Amino acid sequence: MPELPEVETIKLGLQKYLVGRKIDKVEVRLSKIVQGDIKNIEGAKIIGIRRFGKGLVIDLDNKNSIAAHIKLTGQFIYRGPETKKIKLSPKVGGGLPNSRTHVIFKLKSQNAKAEEESGTYLYYNDLRQFGWIKIIETSKLNDVSFFRDMGPEPFKDLTLEIFNKIISSSNTSVKPLIMDQKKIGGIGNIYANDALYDAGIDPERKAKSLSEREIKKLYESILKILKFSLKIGGASELNFVNALGEEGKYQNHSLVYGRAGQKCKRCGGIIKKIFLGGRGTYSCSACQK
DNA sequence: TGATATGTTATCTT
DNA sequence: CAAGATAACATATC
């Protein structure tokens, strides 16, 4: 669900609508979601949005940041004058705020008059309440183990050379390895399955056993699949919606993920499902060696 | 009704 | 210590 392309999709949306606005007030409806003091962000201006793997960071002009992880079912949805007419996906769970809304950021900008009438808000929704929001000094982001321990990411510092080193030095099966956030940041179950299929590699292969050629192919497949998903707005398999409350389309294009028992798109064989590292793992045994 | 799904962390076992 | 399994978190959906 929310993996690198989904979180990047949210980031791009938030960048467009939040940067330059001030946080007027914060209402926390479910206290376990938020750590830190909201007083440290009220009145501050949003100056940028960053993504680290599947994590999001909203930077403010007072040396504080809002760090967040949406886990499986979190949603950051902006509602303002420009987006009032956009229809929310049913995955949002009705009009905002609703019973899944746990944090409400009331926003303000220069032309406050027009906006005050219609209201400008950032909502954090989370059906299963696994996500977290931490209010923290920007310089202390690395005190959070999630950020500190994050491995190199595709599109950032994960070069083929580094990828090669990670793969060839591990005893684990290749699929759990590329999903390990401490080894590589941002890849989850959907894209791990599909990238391995695209590369023609059996998810159960020991990472160490991959040839240099296979490692290169896998590297290229990961980038290709992530890029493609980002282009179509991510995967809305579970509850994912973008910053406007709209769904992505990748779930209609998945190569093997969630397709157990269906035909392989390449050879027509049947997609099988096993468990690897406790996660559903889909593959075509004819196409993946 | 009950099994299942996803991401992360913690804990236990090998 | 590495790596594997398993449970926990909360809830909708099949």
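As the structure is a prediction and not an experimental result, all values here were calculated from the model.

A. Here's a closer look at the protein's contact with DNA strand C. For DNA strand C, the full set of nearby residues is Lys 32, Leu 127, Arg 128, Gln 129, Phe 130, Asn 171, Thr 172, Lys 206 and Gly 277. Side-chain polar atom of Gln 129 to a phosphate oxygen of DNA strand C: 3.1 Å apart, as the coordinates give it. In the model, a phosphate oxygen of DNA strand C is placed 3.4 Å from a nitrogen or oxygen of the Asn 171 side chain.

B. Quick look at unusual backbone geometry. Residue Leu 96 is joined to Pro 97 through a cis peptide bond whose omega torsion reads -5°. Summarising the element assignment, Pro 97 is placed in the loop between strand S6 (74-79) and strand S7 (101-108). A positive phi angle, close to 45°, is found at Lys 71, a residue other than glycine. With respect to the helices and strands, Lys 71 occurs in the loop between strand S5 (64-69) and S6.

C. Representation of the sheet that holds strand S8 (residues 121-126) within the structure. In spatial order, the strands read S1-S7-S8-S6; together these four strands make up an open sheet with antiparallel pairing. Only two strands of the sheet have a single partner each, and these edge strands are strand S1 (22-28) and S6. When strand polarity is set aside, the average angle formed by the axes of neighbouring strands in this sheet is 20°. When S6 meets S8, the two strands line up antiparallel, connected through six bridges. Within S8, the residue paired with Ile 77 across the bridge is Tyr 123. The strands touched by helix H1 (residues 4-18) are S6, S7 and S8; relative to S6, the strand with the most contacts, the crossing angle is about 25°.

D. Just the protein's contact with DNA strand B, in detail. His 69, Leu 72, Arg 128, Tyr 257 and Lys 273 are the nearest of the 18 residues found near DNA strand B. Here the atoms of DNA strand B within 4 Å of the protein split so that 58% fall in sugar or phosphate, with bases taking the remainder. Within the side chain of Gln 181, an N or O atom sits 3.5 Å from a phosphate oxygen of DNA strand B. In this structure, a base nitrogen belonging to DNA strand B sits 2.9 Å away from a side-chain N or O atom of Arg 279. Elements supplying a minimum of two residues to the surface near DNA strand B: strand S10 (272-276) and strand S11 (279-283). Residues belonging to the surface near DNA strand B are distributed by class as follows: six nonpolar, five polar and seven charged.

E. Looking closely at the layout of surface pockets. Quantified by volume, the largest pocket comes out at close to 610 Å³. What lines the largest pocket is a set of 21 residues, among which Lys 54, Leu 72, Met 179, Asn 189 and Arg 279 lie closest to the centre. Counting residues per element, the lining of the largest pocket draws most heavily on helix H5 (residues 174-179), at three residues. Across the lining of the largest pocket, the residue classes tally to 10 nonpolar, five polar and six charged. Each of two domains, domain 1 (4-148) and domain 2 (160-283), supplies a minimum of three residues to the lining of the largest pocket. The calculated volume of the second largest pocket comes to roughly 170 Å³. Every residue lining the second largest pocket is listed: Arg 50, Phe 52, Leu 141, Asn 142, Phe 147, Met 150, Gly 151, Glu 153, Lys 156 and Asp 157. Each residue belonging to the lining of the second largest pocket can be placed in one class, and the counts come to four nonpolar, two polar and four charged.

Conventions and cut-offs
- Residues numbered from 1 in each chain as written.
- Chains lettered and ligands numbered in written order.
- Predicted model: local features only at pLDDT ≥ 70, side-chain atom pairs only at ≥ 80, totals over all residues.
- Heavy atoms only, no water.
- Near = heavy atom within 4 Å.
- Polar contact = N/O pair within 3.5 Å; in protein donor to acceptor, adjacent residues only side chain to side chain.
- Helix = DSSP H or I, 4+ residues; strand = E, 2+ residues; numbered from the N terminus.
- Pairing = 2+ DSSP bridges.
- Axes fitted to C-alpha atoms, helices over the stretch in contact; angles between N-to-C directions.
- Contact = heavy atoms within 4.5 Å.
- Nonpolar A, V, L, I, M, F, W, Y, C, P; charged D, E, K, R; others polar.
- 1 Å grid on protein atoms, 1.4 Å probe; cavity = no way out; pocket = protein on both sides within 12 Å on 5 of 7 lines; lining within 4 Å.
- Points joined across faces, edges and corners; volume = space filled by probe spheres on them.
- Domains from an automatic or database assignment.

That is the geometry; function is a separate question.
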